[in-house]
Amino acid sequence: MNSPLAGTLAMLRGLVRRDWILLVAWLLGVLAFAASGAGKFDLAMHTPSARETMFALFRNPAMVGLFGPSRTTASTTTIATMFGQTMSLLTSLTCAIISIVYVTDRTRKDEEEGVTELLLALPVGRFAQTTAVVIEQCALQLLITGTLALSIQLQNVPTMTVFADNLLFAATIGAQGLLWGIVSLVFAQVFSTAGSARGASFALLGGLYVIRMVTDTVHVDAGWFNPLSWSYLSWAYADDDWLPVAMTVLLSSLLLAIAYLLETNRDVSAGYLAPRAGRAHASRLLRTLPGIVLRERRGLLIGSLAGMCVAGVMYGSMFGQMTAFLHTGSGIMKRLLAIPGYAASATSQYLVTILSLGGVATACLGTALFSSLVRQERRNRLELLLATHLSRSTLYLTHLLIALAATAAAQLCFSFALWCTMWLSRTGDDSPFSCGTVIRSGLVYMPAVWFTMGLLALFMGLAPRLAGLVWAYLGFDFLMGYVAKVIDFPDWVNDLNVFHDTPALPVEAMRWSEVSTVTAVALVLLLIGLIRYRERDLISG
């Protein structure tokens, strides 16, 4: 084949047919996450006093470190500027993570699994697959930019009606998504395994995020040396500077040229950095099933526990300003945090809401860990294990116990980080809540977490190919945590949300009967899942 780009269009059509559902979900997810935020900010900042309170809230050093700095003052801040400050970096990070995972899977992972070698046996050029992925990413990010800007424009939010401003905000998101896709493409040439390439990309992203946390609280202009800071240095809705977007696209082009150069000088399935040689003999822990499972899922475990701690710090740093915010906020914001039937203080309402969100996040971690058993089964990785003396019961219970322990640790980390930040940022002599109160109020959601894992176990035993539906249920739980307080749903709809029936400590009294019932149902579901998992045939694909 003379041309290294021959067959690129055919490869591109194959990629789109293969991943069109994922790409559409990516687009809709960005719109739901970023565009919907405009309306939420409009609700939260409809009065001058509410805008001043919101500005003071996000000028907290902890909030600046998490979301980025502001370009305005308390008197000049608007809905648009606050939206640009808080959503630019957050949405860029979300797109960056998705881009890294997707590009790594369609390049290095396909090589690792032998897909690329099969494709190159066809009449296609050496760079056809890489070029198809790049074209797809460019087209997707342009589509995200256009639709995001248009969706914000159509909402007609005050101070966000200039299309050029909305386009700049959307362009920073699309440019960052493209940049980090190209970064992962470069690492896909350097490393010989998908896990290493993905890990290096995330390490660079995390490192730049930590660096900008420091520079934003010390000297904002130092962020010009950090590509991640370019996501908000355009100051959309304030200064409207297109230079960071241009710099992001220019850097992406440079890294793309480097990626092509690296790919030219390596063999298929090879990398410039060979995998580190392992030990001649496995450690004692790695010779056990729990050790293997922990080693395999250690990235998810470490990242999730760190994320729960960061989330606790972030929400805890907002605690001191919450009373003033609710006092000046809109009626709908007060309803979002209200505890039905109880006239609780603002801090108590806020604590209950945040801990319930932490419970849903913890359930997501447990689902991800426990469902790995089904993923390994579908990839035909369990036959060799089950061909030994290992039983299915041991396999099931090992994954389950590790997931249960991880969820308990995650909820403890979140609750303790929340209390520590509340205590450090307290305005009086005493913390508003004791450590024991916050920990108990967080752990009360564990039976609800176990219930979601019980649903997953039921699917794993009866219909393993449908196990992904549990994620839809978790999404329902998350949305109902907000929507049910604004829209009067029938009682039976609210009862479908297991977190809704959890006692709202410390506002409500502990209801042992309901907690015991949820725990008993969860145990029954887990037991049924175990019995059916032992009896059914293995699946694949």
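Coordinates for the structure precede this section.
Just so it is clear, the structure is predicted and the values come from calculations on it, not from any experiment.

What counts and what doesn't
- Along every chain, residues carry numbers that run from 1 in the direction the sequence is written.
- Where local features are concerned, this predicted model is filtered to residues with pLDDT of at least 70; where side-chain atom pairs are given and counted, the filter is 80 or more; whole-chain, interface and lining totals use all residues.
- For the side-chain quantities, the full set of heavy atoms in the structure was used; hydrogens and water were omitted.
- In DSSP terms, a helix is any run of H or I states spanning at least four residues, a strand is any run of E spanning at least two, and both are numbered starting from the N terminus.
- Relative accessible area decides the class of each residue, using a 1.4 Å probe on protein chains only: under 20% of the type maximum gives buried, over 50% gives exposed, and in between gives partly exposed.
- A contact between two residues is defined here by any heavy atoms of the two lying within 4.5 Å.
- Methods summary: accessible areas were calculated by the Shrake-Rupley approach with a probe of 1.4 Å, and residue burial reflects only the protein chains presented.
- Between N or O atoms, a polar contact is any pair within 3.5 Å; within protein, one atom must be a potential hydrogen donor and the other a potential acceptor, and residues adjacent in sequence are included only when both atoms are from side chains.
- The axes are straight lines fitted to the C-alpha atoms, using for helices just the contacting stretch, and the angles between their N-to-C directions are given from 0 to 180°.
- Note on convention: the crossing is left-handed when the near helix lies turned anticlockwise from the far helix by less than a right angle, right-handed when the turn is clockwise.
- Nonpolar residues are Ala, Val, Leu, Ile, Met, Phe, Trp, Tyr, Cys and Pro. Charged residues are Asp, Glu, Lys and Arg, and all others, Gly as well, are polar.
- Just to be clear on terms, a salt bridge is a Lys or Arg side-chain nitrogen sitting within 4 Å of an Asp or Glu carboxyl oxygen.

A count of helical and extended segments in the protein chain gives 22 helices and zero strands. Out of the 541 residues belonging to the protein chain, those deemed buried represent 50%. Contacts in the protein chain between residues at least 24 apart in sequence constitute 77% of all its contacts with a sequence separation of at least 6. Summed over all atoms, the accessible surface of the protein chain reaches about 24700 Å², with 68% contributed by carbon and sulfur.

What follows covers helix 10 (residues 289–296). Inspection of helix 10 places Leu-289, Gly-291 and Val-293 among the buried residues, and these make up the whole buried set. Buried residues belonging to helix 10 abut helix 17 (392–424). Structurally, the start of helix 10 carries an N-cap: the backbone nitrogen of Gly-291 is 3.2 Å from a side-chain oxygen of Thr-288.

Okay, the packing of helix 17 against helix 22 (residues 512–535) next. Helix 22 packs onto helix 17 with a crossing angle of 145° between their chain directions and a minimal axis gap of 9 Å. The interaxial crossing formed by helix 17 with helix 22 has right-handed handedness. Contacts between helix 17 and helix 22 involve Arg-392, Ser-393, Leu-395, Tyr-396, Leu-397 and Leu-400 on the former and, on the latter, Leu-526, Gly-529, Leu-530, Tyr-533 and Arg-534. Residues belonging to the contact of helix 17 with helix 22 are distributed by class as follows: seven nonpolar, two polar and two charged.

Attention shifts here to the side chain of Ser-184. Following the sequence through the fold, Ser-184 ends up in helix 7 (residues 163–190). Classification of Ser-184 by relative accessible area gives buried; the value is 0%.

Bringing the pattern of salt bridges into the picture now. Enumeration over the complete set of coordinates arrives at ten salt bridges. The salt bridge partner of Glu-111 is Arg-108, with a shortest N-O separation of 3.7 Å. Separated by three residues within a single helix, Glu-111 and Arg-108 lie in helix 4 (residues 79–112), roughly one turn from each other. Each member of the pair, Glu-111 together with Arg-108, is buried. Connected through shared salt-bridge partners, Arg-108, Glu-111 and Arg-266 make up one network.

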